[in-house]
Amino acid sequence: MTAPLSRLFDPRSIAIVGASAAPEKPGFQMVRAFENFPGRVYPVNPRGGNIAGLKVYPSLSDIPEPVDLIAMVVPPQASAGVLREAAACGAGAAFMVSGGFSETGGDGHRRQAEILDICRKGGIRLLGPNTSGFMRPGRNLSCTFLPAAAEIKAGNIGIVAQSGGINLTAAFLAHERGLGISLSVGIGNGADVGVSEAIAYLADDPETDAIAVHLEGIANGRRLFETIRTTAPRKPVIVLPVGKADLGGFAESHTGNLMGAYELTCAALRQAGAVVVETTDALIDGAHALSNGRLPPLETPGIGVLTGQAGPGLLITDKLRQAGIAIPEIGPETVERIRELLPPLTYIANPVDTGRPLESFDTVCDTLASDPAIDAMLVYALHEEDSVDFAAAVGNAAGKHGKPTVFATQGRNSDINPLMRKLEKRGVTAVRSPDRAAAAVRALAEDARARWAAQRAERSGAPTTVPGLPARLDEASAKDVLDALGIPTPARVVCRTRDAAAKAFSEAVKPVVVKILDTEIAHKTEAGGVHVGVKTRRDLDRALDAIDAIPTGRRKKRYLIEETAADGVELIVGARNDPSWGPVVLVGLGGTAAEAYGDVSMRLAPLGRDAALDMISDLRAGALLDGYRGAPAADREAIADLIVRLGEFVMRAPGLREVDLNPVRAYPDGLCVLDALFLR
């Protein structure tokens with residue numbers, strides 16, 4: 001039976017295997033790390049003796065009780081033997097700082113598989129290997145070699161980092177800002193306890209109000225998605241994923257190229273309900289704001305911006321608007337009340353610029369916060385001696401109206417430190433600098449939007465049965481499958497000879513499209529295998545001659561004669577079974593330049609119609625679907641239906657790796673798939 005994670009993160013007894021009396025060695029530093037731990041500490045070394053006033057035991061079996069946690073300070077080749085003894089003695093958990101496992105490849109993979117097998121059979125929860133350990137300040141528990149980590153204070157922010165260095169970096173960054181940590185853990189290789197397990201533990205931890213996560217690579221994205229999806233409604237999750245510059249290799253389809261690993265990770269995290277950030281500063285500032293309180297799920301949270309100086313207010317406004325955060329107009333009654341309080345030439349509509357912090361600042365703050373368009377407040381003002389009592393002005397407004405509030409200021413530390421402490425006691429998030437204030441408010445807004453969107457991502461009601469895949473997956477057979485799914489495609493004829501092509505052409509509505517039909521040619525246009533606007537027999541012969549000139553080895557050429565679809569907005573709709581995240585769907589601006597546009601939206605499947613409609617709304621080129629410059633509007637409902645059906649299909653079609661529908665022409669009353677590529 002596997003031990004609960006409480007024996008890892010909340011132990012009552014700890015053994016240090018590899019303890020040393022030499023101050024320069026890690027084994028001594030690890031013993032010293034537990035000097036304030038209130039539980040029982042057992043150094044283990046075959047030589048016995050005493051270390052730092054503690055009795056040393058020759059082996060784990062000599063300790064008079066089953067130990068909750070084993071701190072392993074041993075070389076990698078000795079780790080299996082230690083874990084076997086730990087399992088035999090009833091230990092509940094272990095953490096391994098040493099490297100030399102899967103991160104090194106080769107024998108490291110074998111060694112890691114061996115220790116994981118021992119732990120699973122022995123019921124031991126394993127943190128690491130290659131971990132920086134963890135800190136639990138509220139338990140006086142500092143399971144790391146870094147002595148300064150013992151100074152980090154207890155608080156309500158949980159940190160989960162795949163990198164040991166980022167674990168410590170984020171924890172110290174929070175400490176520098178006066179924030180406290182409930183648990184800060186470095187996952188390392190994550191052989192057993194991974195990011196998902198740590199998030200799930202913090203979700204149930206009563207001392208944690210916000211969870212900050214760092215990700216480098218995700219072996220089981222679907223599991224992480226489900227963990228965050230069930231956690232986010234209860235506690236905010238803010239994530240810093242790494243890998244934006246990784247463009248990956250060339251893929252066989254447009255869908256494969258457009259679904260970059262980083263972009264897919266961010267899309268999946270947001271769909272699960274997480275806030276996604278790009279820097280460690282934003283990670284901690286966002287967690288700080290969210291730990292002080294959240295907005296309810298909202299489609300468009302409105303932010304009220306109040307500034308005592310115009311320049312910082314403009315900077316904040318610009319950053320929020322670039323991020324798509326709404327700074328709504330306030331009501332005429334609110335504007336009029338504020339106008340009575342401020343001198344001429346100040347800006348009142350929202351943001352509100354007071355020109356300088358004046359005596360009326362508290363009333364202006366209260367008035368802006370009272371407007372029904374405002375869901376959260378951001379207040380910025382430089383500190384001036386004998387000026388406004390910002391702690392009272394901002395704190396009173398936040399408490400009275402119950403709206404999450406971020407206050408930012410700058411000045412001498414001796415002046416602003418007491419102010420910030422007062423504000424924090426009143427539930428106001430206090431930071432330094434306009435940039436950090438914008439990052440904190442952005443986290444509040446994106447948390448509300450992510451949870452609103454997650455509520456709309458319920459499973460579709462699409463049919464659960466799908467047609468089987470034919471043995472030959474060419475464009476024609478792929479379109480036959482789409483027809484069976486109720487997805488419109490053009491009328492077509494498959495021709496094995498030029499004579500058959502001529503007969504099909506004579507019976508077709510002109511003009512037609514003539515294509516090569518070959519399972520080995522994914523990009524037919526680039527190969528010269530697509531000819532549009534074929535009206536006459538002479539046009540047909542030219543098209544067939546061009547197709548016949550395409551080298552295909554010994555494969556016999558076939559031709560596809562297809563009706564020409566009406567003009568419309570061209571989209572790409574794709575899907576794939578990702579090795580980590582599972583079934584994923586994509587929609588974007590399509591045609592031959594789909595990758596050049598790069599305007600796409602992604603979600604994990606299955607998803608409902610509302611979530612599919614949200615995907616379409618995410619596109620920057622959405623105006624093209626709404627009748628741009630007099631063109632007819634596209635049928636968003638039909639596009640959403642296609643996305644939903646395609647997601648269900650990829651989920652339930654065994655052996656199907658990828659689907660690329662490009663282009664899909666959208667019309668005012670439906671759509672048509674012009675080209676289809678299925679990849680096993």
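In the block above lies the structure referred to throughout.
Now for a quick tour of the structure.

What counts, and at which threshold
- Residues numbered from 1 in each chain as written.
- Predicted model: local features only at pLDDT ≥ 70, side-chain atom pairs only at ≥ 80, totals over all residues.
- Heavy atoms only, no water.
- Helix = DSSP H or I, 4+ residues; strand = E, 2+ residues; numbered from the N terminus.
- Buried < 20%, exposed > 50% of the residue type's maximum accessible area, 1.4 Å probe, protein only.
- Lys, Arg positive; Asp, Glu negative; His and termini not counted.
- Salt bridge = Lys/Arg side-chain N within 4 Å of Asp/Glu carboxyl O.
- Contact = heavy atoms within 4.5 Å.
- Axes fitted to C-alpha atoms, helices over the stretch in contact; angles between N-to-C directions.
- Parallel < 35°, antiparallel > 145°, perpendicular 65-115°, else oblique.
- Left-handed = near helix turned anticlockwise from the far one by under 90°.
- Nonpolar A, V, L, I, M, F, W, Y, C, P; charged D, E, K, R; others polar.
- Pairing = 2+ DSSP bridges.

### Quick notes on the side chain of D578
Working step 1: Mapping D578 onto the fold places it in strand 24 (residues 569-578).
Working step 2: Nearest to the buried, unbridged D578 among oppositely charged side chains is R576, at 4.2 Å.
Working step 3: Excluding residues that lie within four positions of it along the chain, D578 makes contacts with L264 and V584.

### Observations regarding the packing of helix 14 (residues 390-401) against helix 15 (residues 413-425)
Each packed pair of helices is defined by two parameters, the angle between the axes and the distance between the axes.
Working step 1: At a minimum axis distance of 9 Å, the contact between helix 14 and helix 15 shows a crossing angle of 20 degrees. Classified by the angle their axes make, helix 14 and helix 15 are roughly parallel. For the crossing formed where helix 14 meets helix 15, the hand is right-handed. Contacts from F390, A391, V394 and G395 in helix 14 reach L419, K422 and L423 in helix 15.
Working step 2: Class assignment for the residues of the contact of helix 14 with helix 15 results in 5 nonpolar, 1 polar and 1 charged.

### Some points on the sheet that holds strand 22 (residues 530-534)
Working step 1: Strands sit in the order 20-23-21-22 across an open sheet of 4 strands; the sheet is antiparallel. In this open sheet, the two strands that pair with only one neighbour each are strand 20 (492-495) and strand 22. Neighbouring strand axes in the sheet, compared pairwise and without regard to direction, differ in orientation by 20 degrees on average.
Working step 2: Pairing geometry for strand 21 (residues 512-517) and strand 22, over 3 bridges, is antiparallel. Residue V514 lies in a different strand from strand 22, and its bridge partner there is H531.
Working step 3: Along the sheet face, helix 18 (residues 498-507) touches strand 20, strand 21, strand 22 and strand 23 (558-563) and points at about 5 degrees away from the line of strand 23.
Working step 4: Contacts from helix 19 (residues 537-548) reach strand 21, strand 22 and strand 23 within the one sheet, and its direction differs from that of strand 22 by about 180 degrees.

Interpretation note: all reported values are geometric properties and have no functional meaning in isolation.
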